[in-house]
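Breakdown of the fold
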Amino acid sequence: MNNLCISKRVTIKLREKHGLSKSDVIECFSNRDGGFLKDTREEHQTDPETVWFIAENNMGKKIKIVFMQLPDKTIVLKTACQPNMDEISIYEKQAYR
């Protein structure tokens, strides 16, 4: 996935706070089977819009991926982390319609 952009700050946060790597993120994009959900929270409004999904990496770990897709199809990762039960429930109810 050569159109994935992860800033140095986000890379450090992924590793140090969440124990994740760029490979984990790429695996989740490859393993995703549900749709993307728009982040509608006021403080997360962006242009282009922020969207998210939950998928498993190749080791079976569920990860929430939050990103923006630019007009040139570049994916800008905002964060990735272990989803909480509310996020999993929301995703399972809305992303498979």
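See the structure shown above.
My aim in this report is to walk through the structure given alongside it, one point at a time.

The rules behind the values
Residues numbered from 1 in each chain as written. Predicted model: local features only at pLDDT ≥ 70, side-chain atom pairs only at ≥ 80, totals over all residues. Heavy atoms only, no water. Phe/Tyr/Trp six-rings, centres within 6.5 Å; stacked < 30°, edge-to-face > 60°. Helix = DSSP H or I, 4+ residues; strand = E, 2+ residues; numbered from the N terminus. Buried < 20%, exposed > 50% of the residue type's maximum accessible area, 1.4 Å probe, protein only. Core = buried A, V, L, I, M, F, W, Y, C linked by side-chain atoms within 4.5 Å. Contact = heavy atoms within 4.5 Å. Salt bridge = Lys/Arg side-chain N within 4 Å of Asp/Glu carboxyl O. Pairing = 2+ DSSP bridges.

So, the packing of aromatic side chains
Applying the stated criterion across every chain, the model contains 6 aromatic pairs. Ring geometry for Phe36 and Phe53: centres 5.6 Å apart, planes at 50°, overall tilted. Placement of Phe36 in the loop between α2 (22-31) and β2 (37-38) and of Phe53 in strand β3 (residues 50-56) is noted, with a sequence separation of 17 residues between them. What makes Phe53 buried here is its relative accessible area of 0%.

Things to note about the nonpolar core
In this structure, Leu14, Val25, Phe53, Ile65 and Leu77 are the most contacted members of the largest nonpolar core, which totals 24 residues. Among the elements that make up this core, the one with the highest residue count is β3 (5 residues). Apart from residues no more than four positions distant in its own chain, Val25 is found in contact with Leu4, Leu14, Ile65, Leu77 and Ala80.

Digging into the pattern of salt bridges
Within the structure shown, the criterion is met by 3 salt bridges. In this structure, the salt-bridge partner of Lys62 is Glu92, at a minimum N-O distance of 3.7 Å. Of this pair, Lys62 sits in strand β4 (residues 62-69) while Glu92 sits in helix α3 (residues 85-94), and the two are 30 residues apart along the sequence. Looking at Glu92, the relative accessible area reads 47%, which means it is partly exposed.

Some thoughts on the environment of Glu56
Residue placement: Glu56 occurs in strand β3. Assessed through its relative accessible area of 37%, Glu56 is described here as partly exposed. Between the alpha carbons of Glu56 and Tyr96 there is a distance of 16 Å; along the sequence they are 40 residues apart. Setting aside anything within four residues of it in sequence, one finds Glu56 in contact with Glu27, Cys28, Asn31, Lys61 and Lys62.

Observations regarding the pairing of strand β5 (residues 75-81)
Counting buried positions over the 7 residues of β5 gives 5, a clear majority of the element. Pairing geometry for strand β1 (residues 4-5) and β5, over 2 bridges, is parallel. Pairing of Leu4 across the sheet is with Ile75, part of β5. With 6 bridges connecting them, β4 and β5 associate as antiparallel partners. Residue Lys64 lies in a different strand from β5, and its bridge partner there is Cys81.

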